[in-house]
Amino acid sequence: MVLENTLPVLLSRLDFAWITSMHILWTPMTIGMSWLLFILEVAWLRTGDERWYKLNRFFEKILIINFGAGVATGVTMEMAFGILYGPFSQAVGPFFGNILGFETITAFMYEAGFIGLMVFGWGKVSKGMHLFATFNVGLSSSLSAMWILVANSWMQTPNGIVLKDGLFQVTNWWHAILNDNFVWGFPHMWVATVELALFVFASVSAWFILKNRNADLFTKLLKPTLLALLIVTPIQIYIGDTLGRDVAMTQPTSLAAMEGHYHTYLPDGKVNTGWHLIAFPNAKNDGNSFAITIPHVLSLLETHTLNGKVTGMDSFPAKDRPDVWVPFYAFRVMVAIGFFLFFVALWGNWLRLRGQLNAQALRKHPWFLRAVVFSGFLPYLAIWCGWWTREIGRQPWVVYDLMRTYQGVSHMTVGQEIFWFVGYIAFELMVWSGAWYFFSRVIAKGVDNIPHSDTLFHHSEEDSSDEGHAGGGFAKPTFASKPALEKSR
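Our subject in this report is the structure included herewith. The structure presented is a predicted model; accordingly, all values stated were derived computationally and were not measured.

## Looking at a nonpolar patch on the surface
Taken together, the side chains of L277, I278, F280, F290, I292, I294, W325 and V326 define a hydrophobic patch exposed on the protein surface, amounting to about 670 Å² of accessible area. Where the nonpolar patch is concerned, the elements lending two or more residues are β3 (275-281), β4 (288-294) and α12 (325-353). Among the secondary structure elements, W325 is positioned in helix α12.

See the structure below:
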């Protein structure tokens, strides 16, 4: 029998937190970057500008490494479901079994096929067919994210099911799939993937400009990237705000933890409208021992009124309240990063308005370039913080208000829990270090060794040949007959 708040339960939670935190490093960039590669490929085909082709091939290498790391950590995470959370996996099987099956068939297998065509198809299929493959990598990876968010959002707001005989049995598939949290949770996650990929593009570009390596080429990429970020970053802030208000209605204990909001009403009976900039929860988890509070801001954020009521932790039994420390500060770090990234996008586009967005002028703004390089890491931290807020804010439930976390944990001894924890730590660190080794190799080599597209495609001959073949033709590779890539621009 597993008891709540015991060491095996804590170890199981820490182990799965470690596994998911490491896995979520990889998958968002695969999703976002696959769409950006598609856009680069479209730009190359429409303009014939070889620079878009080189940038595509350069970032494609990063995508491949990232994809491999994501697969390796994803497979082990599937194992962890059964090993660490056997009773939970059994209980949610009637729903999760179908959802993860849909993910495997409509997304994972679909993605695996087209990513092979995208990576190995250069020069072996027509340009149009290759573009089609890249598009489908973007679509399938987004479908994969959608199914995973269906499952996770359902754990936050378990609609469309009934708990019967220890199993979550689906009574309405539409309600279960399009559950309350999914409606804004999925867009929030998907836009985060695009924002992350855009900042990786910008960060790598800024690094090359700072080093004065292929500076003109990477400035060409940085320009549209900064413009796109000027649109994406405020959209993400808006979606995040909307999701927060949704959480206030559907998971009030989670929202209260995110805001360190213990008391619905003040001692004088008035609604507690204060928003805490900083708070130190007390040891009993029934109030803050110290807080810097701004009146009316919490009501303004969550109800869009000055004195709207926001349910506090004291409206729920102590045993049903989540810990506050991690959701409170992780949420604030995520929000701060969101606004900082918006500021970086504004800064870059302000330089554009001043005519400073060219390689020569940008090197006179090294602090801007350093800020952009630094910003490449911040979306990862924001995604981590968002995920921790989401998962710890749901506690002590693994399925909100229906199944407590300790009820879903496998019955293992402390020794067994430690064995698996150490094993997963070693494996994830091995994948992480290997991926960063290959990332550094790709970036160190840069774009100079990427062959000209003419070595793979006969532009004039093949293009005319393709027009006569529905669905594209076959381009014979001519690897040795064309000159090497021109030097840095």
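## Topic: the pairing of β4
Of the pairings in the sheet, the one linking β3 to β4 comprises six bridges and is antiparallel in character. Looking at the pairing, P281 lines up with N288 of β4. Counting the residues between successive antiparallel strands, the hairpin from β3 to β4 contains six residues, one of them, N285, with a positive phi of roughly 60°.

## Things to note about the packing of helix α6 (residues 127-156) against helix α15 (residues 378-393)
One way to put it is that α6 packs onto α15 with a least axis distance of 10 Å and a crossing angle of 40°. The angle between the axes of α6 and α15 places the two elements in the oblique class. Between α6 and α15 lies a crossing whose hand is left-handed. From α6, L149, N152, S153 and Q156 reach across to α15, where they touch W387, R390 and E391. Classifying every residue of the contact of α6 with α15 gives two nonpolar, three polar and two charged.

## Concerning the nonpolar core
Soluble globular proteins tend to pack their nonpolar side chains together in the buried interior. By size, the foremost hydrophobic cluster in this structure holds 121 residues, and its most contacted members are M33, F58, F59, F88, W154 and F218. A per-element tally of this core places helix α8 (residues 180-210) first, with 17 residues. Residues contacting F218, with those up to four places away along its chain left out, are L55, F58, F59, V204, S205, F208, I209, R213 and V447.

## Observations regarding unusual backbone geometry
With an omega of 10°, the peptide bond running from Q395 to P396 counts as cis. For P396, the position within the fold is in the loop between α15 and β5 (397-399). Non-glycine residue N214 carries a positive phi angle of around 50°. Examined against the element boundaries, N214 turns out to sit in the loop between α8 and α9 (215-250). For N285, which is not a glycine, the phi torsion comes out positive at approximately 60°. In this fold, N285 is placed in the loop between β3 and β4.

## Notes on the pairing of strand β2 (residues 167-170)
Two elements, strand β1 (residues 161-164) and β2, share four bridges in a ladder whose sense is antiparallel. Residue pairing for β2: I161 is matched across the bridge by V170. Between the antiparallel neighbours β1 and β2 lie two residues, among them D165 with a positive phi of about 55°.

## Here we look at the layout of surface pockets
Taken as a whole, the second largest pocket spans an internal volume of roughly 960 Å³. As for the second largest pocket, its lining consists of 42 residues, and the residues nearest its centre are H188, G240, F331, M334 and V335. The element that contributes the greatest number of residues to the lining of the second largest pocket is α9, accounting for ten residues. Across the lining of the second largest pocket, the residue classes tally to 22 nonpolar, 13 polar and seven charged.

## Digging into the packing of aromatic side chains
Using the criterion set out here, one finds 42 aromatic pairs in the structure. Look at W347 and F368: their rings are 5.2 Å apart centre to centre, the planes differ by 70°, and that puts the pair in the edge-to-face class. Here F368 lies in helix α14 (residues 366-375) and W347 lies in helix α12, a separation of 21 residues in the sequence. Taking relative accessible area as the criterion, F368 reaches 1% and is therefore assigned buried. Three or more aromatic residues joined by ring pairs make a cluster, and in this case those are F16, F81, Y85, F88, F95, F96, W154, F168 and W173. Over the ring of W367 we find R370; its NZ or CZ atom is 4.7 Å from the centre of that ring. We note R404 situated over the ring of W397; from NZ or CZ to the ring centre the distance is 4.8 Å.

## Here's the deal with helix α1 (residues 7-23)
The terminal C-alpha atoms of α1, which comprises 17 residues, lie 24 Å apart, in line with the 24 Å expected from a rise of 1.5 Å per residue. Taken together, the buried positions of α1 are P8, V9, L11, S12, D15, F16, I19, T20, S21, M22 and H23. Residues of α1 that are buried sit in contact with α2 (27-47), α3 (50-84), α15, α16 (405-408) and α17 (414-445).

## Remarks on the environment of A256
With respect to the element layout, A256 can be found in helix α10 (residues 252-259). Taking relative accessible area as the criterion, A256 reaches 0% and is therefore assigned buried. Other than its neighbours up to four places away in sequence, A256 contacts H261, T311, G312 and M313.

## Side note on the pattern of salt bridges
Under the criterion given, the structure shown has eight salt bridges. E259 serves as the salt-bridge partner of R332, at 2.7 Å between the closest nitrogen and oxygen. Of this pair, R332 sits in helix α12 while E259 sits in helix α10, placing them 73 residues apart in sequence. Between D320 and K319 there is a salt bridge, with the nearest N and O atoms lying 3.5 Å from each other. A residue is classified by how much of its surface remains accessible, and D320, at 13% relative accessible area, is buried. Three or more residues are tied together by salt bridges with common partners; here these are D49, R51 and K220.

So, how was this worked out
All residue numbers refer to position in the chain's written sequence, counted from 1. Local features in a predicted model are, by the rule used here, given only for residues with pLDDT of at least 70; side-chain atom pairs are given and counted only at 80 or more, and totals for whole chains, interfaces and linings are based on all residues. The side-chain numbers reported here are obtained from all heavy atoms of the structure, hydrogens and water having been left aside. What goes into a patch is any residue over 30% in relative accessible area without a salt bridge, connected to like charges within 9 Å or, for nonpolar side chains (Val, Leu, Ile, Met, Phe, Trp, Tyr), within 5 Å. Computed by Shrake-Rupley with a 1.4 Å probe, the accessible areas treat only the displayed protein chains as cover when residues are assessed. In what follows, salt bridge is the name for a side-chain nitrogen of Lys or Arg lying within 4 Å of a carboxyl oxygen of Asp or Glu. Secondary structure counts use DSSP, requiring at least four H or I residues in a row for a helix and at least two E residues in a row for a strand, with both numbered from the N terminus. Pairing between strands is defined by DSSP: at least two bridges between them are needed. Angles shown run from 0 to 180 degrees and are taken between the N-to-C directions of axes, each axis being a line fitted to C-alpha atoms and, for helices, limited to the stretch in contact. Here the angle decides the label: under 35 degrees means roughly parallel, over 145 means roughly antiparallel, 65 to 115 means roughly perpendicular, and every other value means oblique. Each crossing gets its handedness from the near helix: less than a right angle anticlockwise from the far helix is left-handed, clockwise is right-handed. What makes two residues a contact is simply this: any of their non-hydrogen atoms within 4.5 Å. Note that Gly is not counted as nonpolar here; it falls among the polar residues with everything else outside the nonpolar set of Ala, Val, Leu, Ile, Met, Phe, Trp, Tyr, Cys and Pro and the charged set of Asp, Glu, Lys and Arg. Residues grouped as a nonpolar core are buried Ala, Val, Leu, Ile, Met, Phe, Trp, Tyr and Cys residues, joined through side-chain atoms within 4.5 Å. A 1.4 Å probe rolled over the protein chains alone gives each residue an accessible area, and that area as a share of the maximum for its type sets the label: buried under 20%, exposed over 50%, partly exposed in between. Detection works on a 1 Å grid of protein atoms alone, calling trapped sets that fit a 1.4 Å probe cavities and calling open sets with protein on both sides within 12 Å along at least five of seven lines pockets, with lining residues defined by an atom within 4 Å of a point. Grid points are joined across faces, edges and corners, and a volume is the space filled by probe spheres set on the points. Here a pair means two rings of Phe, Tyr or Trp (six-membered ring of Trp) with centres within 6.5 Å. Their orientation is stacked below 30 degrees between planes, edge-to-face above 60, and tilted elsewhere. Here, a charge over a ring is recorded when the distance from Lys NZ or Arg CZ to the ring centre is within 6 Å and its angle to the ring normal is within 35 degrees. For a helix, the expected span equals 1.5 Å multiplied by the residue count minus one.

All we've got here are geometric facts, nothing functional implied.
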